[in-house]
Amino acid sequence: MAGAKRITIVGGGLAGLALGIGLRQSEVPVTILEAGHYPRHRVCGEFISGRGQATLARLKLGELLERAGAVRAQTAAFFSATKSTAPRPLPSPAICLSRFALDEALAKKFRELGGELQEGEFARGENFGEGFVRAKGRRLPSAKNDAHWFGLKIHARNIALTADLEMHVSARGYVGLCKINDGEVNVCGLFRKRAGENNESKSWRELLRGEPGSPLRQRLAAAEFMENSFCAVAGISLRPQPAAAHAEICIGDAITMIPPVTGNGMSMAFESAELAIEPLAAWSRNEKTWPEAREKIVRDCDVVFARRLAWAKWLQRIILTPALQNPLIILAARSDWFWRLAFERTR
Ligand SMILES: Cc1cc2nc3c(=O)[nH]c(=O)nc-3n(C[C@H](O)[C@H](O)[C@H](O)COP(=O)(O)OP(=O)(O)OC[C@H]3O[C@@H](n4cnc5c(N)ncnc54)[C@H](O)[C@@H]3O)c2cc1C
């Protein structure tokens with residue numbers, strides 16, 4: 001598009017790449033600055049669930065994900081050390097794909113559409129200003145005592161799951177297992193950091209395998225871990241923030257991080273990217289000012305995500321309260337109403 005203004009996206013994760021692809025489909029000139037290189041593993045449950053799937057279809061990316069090996073998830077089951085649900089159908093199917101394959105496929109697509117992707121480019125700055133979109137993932141917690149959580153992820157083979165997604169909860173956090181591409185299983189956990197704990201006192205392997213005697217430990221008994229897929233992330237804060245709290249245009253986790261237990265973070269990354277396409281394209285064509293574009297994106301994101309974030313906060317809190325875990329699993333096993341509510345309200 002002759003005379004169109006260029007948009008620079010800081011961060012080439014799911015939100016940044018989806019926005020870049022959407023803008024290129026509208027012929028907007030786009031540069032993405034990405035600190036890392038593709039392909040790369042990310043700490044993620046790799047379970048895409050919710051409205052983001054419709055966004056992917058509208059961006060004509062459904063087939064691309066299938067070609068990259070996406071696997072459909074139809075059932076889920078929950079476990080604690082002593083209670084479990086039988087495998088139950090998910091209210092709507094999800095798709096599972098390793099971030100190693102997904103991010104690389106999206107990066108390739110963005111380049112094919114004429115986007116400029118600069119890898120190994122770490123952008124610095126508090127406020128990037130007009131023409132820049134912040135898509136660089138989760139923010140570091142503002143207060144030290146906010147950062148109670150850390151995440152671990154590894155792929156493994158030789159695990160027989162009872163459902164396409166298994167969630168194992170414990171006093172320490174939870175571990176999700178889901179079937180992904182190439183016959184592998186993603187083993188991903190979120191854990192509470194204990195005060196005064198020496199980080200080396202329990203290896204990541206022990207944490208991800210679960211307590212001795214637990215269903216998780218049994219499930220992973222014969223697992224062959226793919227060591228080069230291991231990754232970890234610390235300093236996770238789960239306090240939700242509205243898009244309006246930021247002076248910049250932000251998408252994905254740069255707005256706020258929804259508790260991972262919902263399996264909705266990737267969906268929110270895709271959805272927020274989609275909400276930003278039209279206002280940013282209008283800015284690029286000189287039909288909107290930057291503050292007008294920001295105002296529209298912020299308002300739409302807050303309308304779309306507010307209820308989900310509020311429910312997710314409570315669901316996460318309940319799931320991570322040891323005394324409530326067994327009652328929750330019993331309720332999920334017996335009540336269709338509760339099962340559907342927990343899924344639908346957080347998506
Ligand atoms: C333990 C755990 C489990 C999860 N499980 C799931 C799940 O099962 N399902 C789900 O939907 N979501 C899940 N999520 C959430 C999901 O991973 C995120 O919501 C999603 O990755 C957000 O995408 P994003 O593009 O906003 O951020 P990211 O994917 O984090 O991408 C940000 C990008 O910005 C780059 N970057 C950072 N700083 C800079 C800089 N200064 N300059 C240039 N580039 C920069 C990074 O290298 C990265 O590529 C989970 C999260 C955690 C922690």
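Quick notes on the rules
- Residues numbered from 1 in each chain as written.
- Predicted model: local features only at pLDDT ≥ 70, side-chain atom pairs only at ≥ 80, totals over all residues.
- Helix = DSSP H or I, 4+ residues; strand = E, 2+ residues; numbered from the N terminus.
- Rg over C-alpha atoms; globule rule 2.2 N^0.38 Å.
- Buried ≥ 20, exposed ≤ 12 C-beta atoms within 10 Å, placed from the backbone.
- Contact = placed C-beta atoms within 7 Å.
- Expected span 1.5 Å × (residues − 1).

1. Description of the overall build of the protein chain
When you go through the protein chain residue by residue, the secondary structure sums to ten helices and 13 strands. In terms of overall size, the protein chain behaves like a compact globule, its C-alpha atoms giving a radius of gyration of 20 Å where 347 residues would be expected to give roughly 20 Å. Counting over 347 residues, the protein chain shows a buried share of 46%. In the protein chain, the share of contacts with a sequence separation of at least 24, taken over all contacts with a separation of at least 6, comes to 76%.

2. Digging into the environment of Gly235
Among the secondary structure elements, Gly235 is positioned in strand S12 (residues 224–236). With 15 C-beta atoms counted inside 10 Å, the residue Gly235 sits in the partly exposed group. On a C-alpha basis, the gap between Gly235 and Glu121 in space is 23 Å, while along the polypeptide they are 114 residues apart.

3. Some points on helix H4 (residues 99–112)
Given 3.6 residues per turn, any residue in an α-helix points the same way as the ones three and four places further on. In a regular helix each residue adds 1.5 Å, so 14 residues correspond to 20 Å; H4 covers 19 Å between its end C-alpha atoms and thus fits that length. Taken as a whole, H4 has its buried residues at Arg99, Phe100, Leu102, Asp103, Ala105, Leu106, Ala107 and Phe110. Those residues of H4 that are buried are in contact with helix H1 (14–25), strand S2 (30–34), helix H3 (62–67) and strand S6 (116–119). Gly114 sits one or two positions beyond H4 and adopts a positive phi of about 95°.

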